[in-house]
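Secondary and tertiary structure notes
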Amino acid sequence: MRDFPTPKKQLEYLRKGAEKIVQEEEFLKKLERSRKTGEPLTVKVGFDPSAPDIHLGHTVVLRKMKHFQDMGHRVVFLIGDFTGLIGDPSGRSKTRPVLTREEVQQNAETYKKQAFKILDPEKTTVVFNSSWLGGLGSEGFIRLAAQFTVARMLERDDFLMRYKAGQPIGIHEFLYPLAQAYDSVVLRCDVELGGTDQTFNLLVARDIMREHGLEPQVVMTLPLLEGTDGVEKMSKTLDNFIGIEEPPKEIFGKVMSISDDLMWKYYTLLTDVSAQTIDDMRARCAAGKLNPRDAKAGLAKMLIVYYHGEAAAREAEEEFQRVFSKREVPEEIETRSVPPFKETVLLSKFLAEAGLARSNSEARRLMHQGAVELNGARVDDVGFLLGPDSPREMLLKVGKRRFLKVLVEEKKKAPKKPPSSPS
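Rules of the game
- Residues numbered from 1 in each chain as written.
- Predicted model: local features only at pLDDT ≥ 70, side-chain atom pairs only at ≥ 80, totals over all residues.
- Heavy atoms only, no water.
- Helix = DSSP H or I, 4+ residues; strand = E, 2+ residues; numbered from the N terminus.
- Expected span 1.5 Å × (residues − 1).
- Polar contact = N/O pair within 3.5 Å; in protein donor to acceptor, adjacent residues only side chain to side chain.
- Buried < 20%, exposed > 50% of the residue type's maximum accessible area, 1.4 Å probe, protein only.
- Contact = heavy atoms within 4.5 Å.
- Salt bridge = Lys/Arg side-chain N within 4 Å of Asp/Glu carboxyl O.

An α-helical turn contains 3.6 residues, so any two residues separated by three or four positions project in the same direction. For helix α15 (residues 292–308), built from 17 residues, the straight-helix expectation of 24 Å at 1.5 Å per residue is met to within 8% by its first-to-last C-alpha distance of 24 Å. Between a side-chain oxygen at the N-terminus of α15 and the backbone nitrogen of Arg293 the separation is 2.8 Å; the capping residue is Asn291. Taken from the residues just after α15, Gly309 is the one with a positive phi, measuring 100°.

The topology assignment puts Asp158 in helix α9 (residues 157–164). Given a relative accessible area of 8%, Asp158 falls into the buried group. When the C-alpha positions of Asp158 and Pro292 are compared, they lie 38 Å apart, and in sequence the two are 134 residues distant.

Mapped onto the fold, Ala297 is located in helix α15. C-alpha separation for the pair Ala297 and Ala181, spaced 116 residues apart in sequence, amounts to 41 Å. In this structure, Ala297 is in contact with Phe252, Met256 and Glu317, ignoring residues within four places of it in sequence.

By the definition in use, this model includes 23 salt bridges. In this structure, the salt-bridge partner of Asp190 is Lys30, at a minimum N-O distance of 3.6 Å. Taken together, the residues span a long stretch of sequence, with Asp190 in the loop between α10 (171–187) and β5 (191–195) and Lys30 in helix α2 (residues 24–37) at a distance of 160 residues. A cluster of three or more residues bridged by salt bridges with shared partners is formed by Lys30, Arg33, Asp190 and Glu215.

In structure tokens form, the structure reads like this:
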């Protein structure tokens, strides 16, 4: 550790992009002790594999883990295969559905593979919390539950709101922050990272560690990243996400669709560009010396380089320019064959069934907005019908990036009846 920057320099480097550090004075003391003894800090982040894919929102904390690795500290990538069976209640207005063990294990394997696109696998300790929580037993959980009160649990905003609204709260949901806290006890964590929505869970661990006679962990929270809609937290459920394993052309298009203001937060939380450079680019855009579109294209390329490589980034940019700047059709379009139309069907319903819209109502809204084209012609009439007289080959475009080529199969002719044999 002596070859790494001074504790104050480390603190300055690690603080970048963080929302809050509890407590910063404790953190500095831990860094000073680490440098003096040569023992790295143990830095933990827990991931509940509730979905199989990692999106850019997840990478905010993964990148901060990498920053700790850069400073020589020990990073623990904790897969909550046990707590995942409970389901994290953070930010939930209702009880989260419980996953099966098979679903959790499958998602965990995918998480590991994707996380190592960011983390150094040789400097990362991967653990599964079922290895100690599974053996804690009923007596162990009762003793753990005795170390916290219901009143303290109800200090948590989402629990309190649900309680006041008369919405059900499962007893198992109270166990989640306690189980997460026990992870920190077992691992003897110095620091735990998480999004701002995890603040309550992370702070519970400080109390539980004291109950076990341990020095409490420092808590570092990181901002939640808004999705492509610029409003809600990035989420697959809300379909406002950018997955790191999505095709590069899709990533490029999605990044280009975010607002100019949100672009700067993406630069800050998702790239290694310095704060000074980001401020300079922002000032140049405000002064008209840099086109925000060019800054956004630079961001898109940078993100694709991180997860897919430079060649993929170049190809994605060229495709974007060809399709959206020159308004051409992509080289690769999904093609789908459909049976002949026996009767008329609303185009909005067809779009929803084809997966080009999440629902009939969304399809109608997109048509109202002029975001739907059929064979190059805009269709804004929500009563537009497809039927037996529709073209046999149709190119549908929804929004800026969704294309589908529809091939209507030919009607099968009824087989001719053989001539009746003479009697």
